[in-house]
Every structure is written in structure tokens, then in C-alpha cells.
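Each chain, written out:
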Amino acid sequence: MTAPIAVLPPGSTIGILGGGQLGRMLAEAASTLGFDVAILEPQADCPASRVAAHHIQAAYDDVDGLKKLAALSDVVTTEFENVPASVVAVLEAEGVRVAPNGRALATAQDRVTEKTFLNSVGATTVGFAKVDDLNDLTVAIEKLGLPALLKTRREGYDGKGQVWIKDAAEAQAALAAVGNKPSILEVRASFVRELSVIAARGTDGSVSVYPLGQNIHENGILRTTIAPVEVDDATQARAVEIATSILNGLDYVGVIGVELFDLGGTLLVNEIAPRVHNTGHWTQDGCGCDQFEQQIRAIAGWPLGSTKAHAKIEMTNLLGHEINDWHAMASDPDTHLHFYGKREAREGRKMAHINKVLERL
Ligand code: AMP
């Protein structure tokens with residue numbers, strides 16, 4: 001029998017791999033619960049470094065840096081999914097717990113592994129096939145039909161590394177467009193809307209699920225989330241069932257984001273993010289316990305907080321120079337501003353988000 005996982009009291013230190021906006025908001029939540037935070041992030045002056053007690057400035061896979069992080073931390077979590085297995089191994093060898101666990105991180109890193117796992121726990125996805133070369137792609141097109149979406153298996157985000165194939169003659173060019181990397185071909189989901197569900201699992205196996213949100217993307221980047229979105233009881237119940245089976249299947253500890261396609265009553269899972277998620281930012285002003293506090297509670301072995309919504313929120317990401325309008329936004333009493341403290345407003349860069357209260361519930 002494995003030993004029970006220690007409950008970390010206030011005053012313990014939470015380690016975070018990554019120092020971007022998610023790390024910053026995690027550090028803020030940890031600080032509210034009385035924890036210190038140590039981040040590991042190569043970039044100086046990053047968003048999280050200005051709210052964390054310790055900043056180890058090193059590459060994510062730097063062994064000395066990881067050892068320093070392990071020495072400072074009572075548990076280590078991450079703000080991004082592409083954490084190499086070797087990094088988890090270094091941290092665990094130093095005797096520090098990593099949450100979510102290495103298997104959960106590895107599963108979410110590879111679209112084929114991810115979809116195979118999801119279907120194995122009853123969280124249905126679109127049909128798919130593994131594609132390593134043109135021959136695989138030709139066979140996959142015959143099996144799945146067209147149009148279909150070719151995506152790199154690893155390291156695709158915000159719609160990058162993806163190309164639609166409408167005609168079999170495009171196969172070779174499509175493979176070239178994704179850099180001839182190991183890929184996956186996916187059947188097109190004829191969805192009526194894109195939803196997501198944020199959920200958490202504690203060290204005691206308890207599961208807590210937030211209401212569903214609806215997501216609108218522009219140019220492959222999330223623009224808005226409206227939550228709680230109106231869904232029938234069966235759809236919300238199905239989302240809870242999907243999230244629970246994923247969390248239990250991975251023996252997961254922490255917050256997870258599950259992106260869903262709503263086919264009009266039937267939910268398919270698009271992908272999972274083993275971390276706090278942009279589509280969960282609405283919980284900061286819509287729920288008693290937001291996703292950041294929930295993540296800290298979960299990994300520290302605390303009871304999970306309430307996921308009940310007290311307001312309907314429209315979350316909007318502010319990209320690049322859109323933050324220049326901050327003064328006008330700040331003058332709306334129903335708009336809550338969340339700035340990431342990034343020094344440079346590059347085009348398309350996520351600089352901040354706002355949560356507008358649409359309705360008190
Ligand atoms: P992803 O990187 O997998 O989250 O995909 C980015 C976006 O592409 C999604 O939010 C959807 O709008 C769209 N998309 C991804 N996969 C599919 C699919 N199999 N069918 C239809 N649209 C998709």
C-alpha cells in the first residue's frame with residue numbers, strides 16, 4: 001500500500017515549472033492560502049517571478065535548476081503540458097511529489113496516446129489514425145474519408161501545426177505543411193459549438209467539476225469564454241461523467257481542462273490540458289473557488305473548494321495592444337481586469353483577460 005499523501009500546511013512551498021501568466025495566477029492563489037512559491041523559468045523578469053518568493057532562472061530541463069526547485073518545494077506542479085518525462089524523473093528522484101503525475105503529462109503531450117486513452121475510459125473522440133508517412137496518410141484518408149484534419153502529434157497549440165485535407169491529391173503537401181512530423185489524421189467534428197469543462201481531483205480521489213463554458217476562437221486563439229453556458233441537464237451530467245472518468249483513469253491530482261465538441265447533445269472530447277486552462281479564467285469572478293485556488297488546494301492535499309457559480313461571466317482575452325484600452329475597461333464596474341505584467345505587447349500575445357459579469361446567479 002502506498003503511504004498517504006501529506007497534507008501541506010500554510011507556510012509550505014509550492015514549486016511551479018514555468019513563469020508565465022498561469023504560473024503568476026497560481027502563485028497569487030498560493031500566496032492567498034499562505035504558501036510560498038518557487039518558480040523555475042529561464043526568462044528573467046517573467047510574469048510569475050514578480051509574485052513568487054523564489055525564481056530559479058534555468059532551462060526547464062536543467063538538472064541543477066530542477067534539483068534546486070525540488071529542494072525548495074514540498075510539491076511541484078506545472079503551468080504547461082510539454083514537461084519531458086526526464087524532468088519528472090529528476091524531481092521525483094529528489095524526493096518531491098509532482099502533480100499532476102508524469103503519466104498524465106505524457107498522455108496529454110501526444111495526440112494519439114491522448115485519444116487512445118480517452119476512448120479507453122469512455123470519453124469518446126472523433127475517429128483518428130496515426131500518420132508517420134505518406135503511405136499511412138493515404139491509408140488513413142481511405143479509412144476516415146475527407147475532409148479531415150492533419151495535426152502534428154506533439155507540440156501543437158492554438159491551431160498551429162494543423163492543416164485541413166479536402167482532396168486526396170493534397171496529401172503530400174499537407175504532410176509537408178506540418179513539417180513531415182509524426183502526425184494524426186482526425187475526422188472532422190461537425191460541432192454546433194465548442195465547450196469546455198474544468199475539473200479537479202484531490203489527493204483523496206474526490207472530484208469537483210465546474211459548470212460548462214462555451215468558447216469562441218479567432219485565428220486559432222481563444223477569444224472568449226461564456227460560462228456557465230446554457231445546457232440541458234443531460235449534457236452537464238455527461239460532461240461531469242467524462243471529466244471524472246478522465247481524472248480517475250489518470251489517477252490525477254490537480255485541475256484539468258477538457259475541451260469538448262458539442263454535436264448537438266452529444267459530446268466528443270477534443271483534447272485535455274493537464275493544468276489550469278484559459279477557458280477556466282471565468283471562475284476567478286464567477287465561482288466561490290477559482291481554478292487557481294482549486295489547483296493549489298488539490299496538490300496541497302486540501303479539501304477541494306466550491307465549483308458553484310455565483311455569476312455568469314464573459315471572459316475575453318486581450319491580445320497585444322488591446323490592453324491599451326485598460327482605462328475604459330476599468331471604468332465599467334462589472335468588468336474585472338486581470339493583467340499579466342508582461343513588459344512587451346507583441347501582436348497576438350496574451351497580455352491580460354477581462355471577466356465581465358453578465359448576470360448574478
Ligand atoms: P486543437 O489544437 O486540437 O485544440 O484544435 C484547434 C481548433 O481546431 C479547435 O478548437 C477546433 O475549432 C478545430 N478543430 C480541431 N480538431 C477538429 C476536428 N477534428 N474537427 C473539427 N474542428 C477541429
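Residues numbered from 1 in each chain as written. Predicted model: local features only at pLDDT ≥ 70, side-chain atom pairs only at ≥ 80, totals over all residues. Heavy atoms only, no water.

### Details of helix 3 (residues 85–93)
For the record, the criterion: Classification of residues uses two cut-offs on accessible area relative to the type maximum, computed with a 1.4 Å probe and protein chains only: under 20% is buried, over 50% is exposed, and between them is partly exposed. By the criteria applied, helices consist of DSSP H or I runs no shorter than four residues and strands consist of E runs no shorter than two, each listed in order from the N terminus. Summarising the geometry, the arc corresponds to the directions from the helix axis toward the C-beta atoms. We call two residues contacting when some pair of their heavy atoms lies within 4.5 Å.
Within the sequence span of helix 3, burial applies to V87, V88, V90 and L91. Looking down the long axis of helix 3, one finds its buried residues gathered within 160 degrees of arc, a one-sided arrangement. Of the residues in helix 3, the exposed ones pointing more than 90 degrees away from the buried face are A85 and A93. On its buried side, helix 3 packs onto strand 1 (13–17), helix 2 (63–72), strand 4 (75–78), strand 5 (97–98) and helix 4 (102–109).

### Quick notes on the sheet that holds strand 3 (residues 54–56)
The following threshold applies: Should DSSP find at least two bridges between two strands, the strands are taken to pair. A fitted line through C-alpha atoms serves as each axis, taken over the contacting stretch for helices, and the angle formed by two N-to-C directions is quoted from 0 to 180°.
In space, the five strands of this open sheet follow the order 3-2-1-4-5, with parallel pairing throughout. The outermost strands of the open sheet, each flanked by one partner alone, are strand 3 and strand 5. Across two bridges, the pairing between strand 4 and strand 5 is parallel. Following the sheet pairing, V76 is matched in strand 5 by V98. Helix-sheet contacts for helix 2 involve strand 1, strand 2 (36–40), strand 3 and strand 4, and the interaxial angle to strand 2 is about 170 degrees.

### Details of the domain arrangement of the chain
Inclusion rule: The domain limits used here are those given by an automatic or database domain assignment.
Per the domain assignment, the segments making up the chain are domain 1 (13–98), domain 2 (127–187) and domain 3 (193–360). Centre-to-centre separation of domain 2 and domain 3, based on C-alpha positions: 29 Å.

### A look at the pairing of strand 18 (residues 350–360)
With nine bridges joining them, strand 16 (residues 311–319) and strand 18 adopt antiparallel strand pairing. By the bridge assignment, L318 is partnered in strand 18 with A352. Summarising the sheet, strand 17 (residues 335–339) and strand 18 pair through five bridges and their orientation is antiparallel. Residue pairing for strand 18: H336 is matched across the bridge by N355.

### Re the environment of D62
Here is the rule: Whenever two N or O atoms come within 3.5 Å, that pair is a polar contact, provided that in protein one can donate a hydrogen and the other can accept it, and provided that, for residues adjacent in sequence, both atoms are side-chain atoms.
Mapped onto the fold, D62 is located in the loop between strand 3 and helix 2. For D62 and V90, which are 28 residues apart along the polypeptide, the C-alpha to C-alpha distance reads 9.7 Å. A polar contact of 2.6 Å, which involves the side chain of D62, links it to the backbone nitrogen of G65.

### Observations regarding the packing of helix 4 against helix 5 (residues 111–120)
The condition is simple: Any angle from 65 to 115 degrees is called roughly perpendicular, while one under 35 is roughly parallel, one over 145 is roughly antiparallel, and all others are oblique. Amino acid classes used here: Ala, Val, Leu, Ile, Met, Phe, Trp, Tyr, Cys and Pro are nonpolar; Asp, Glu, Lys and Arg are charged; the rest, including Gly, are polar.
Across the interface, helix 4 lies against helix 5 with an axial gap of 5 Å and an inter-helix angle of 110 degrees. Here helix 5 runs roughly perpendicular to helix 4, going by the angle between their axes. Residues R103, T107, A108 and Q109 of helix 4 pack against R111, T113, E114 and F117 of helix 5. Of the residues in the contact of helix 4 with helix 5, the class split is two nonpolar, three polar and three charged.

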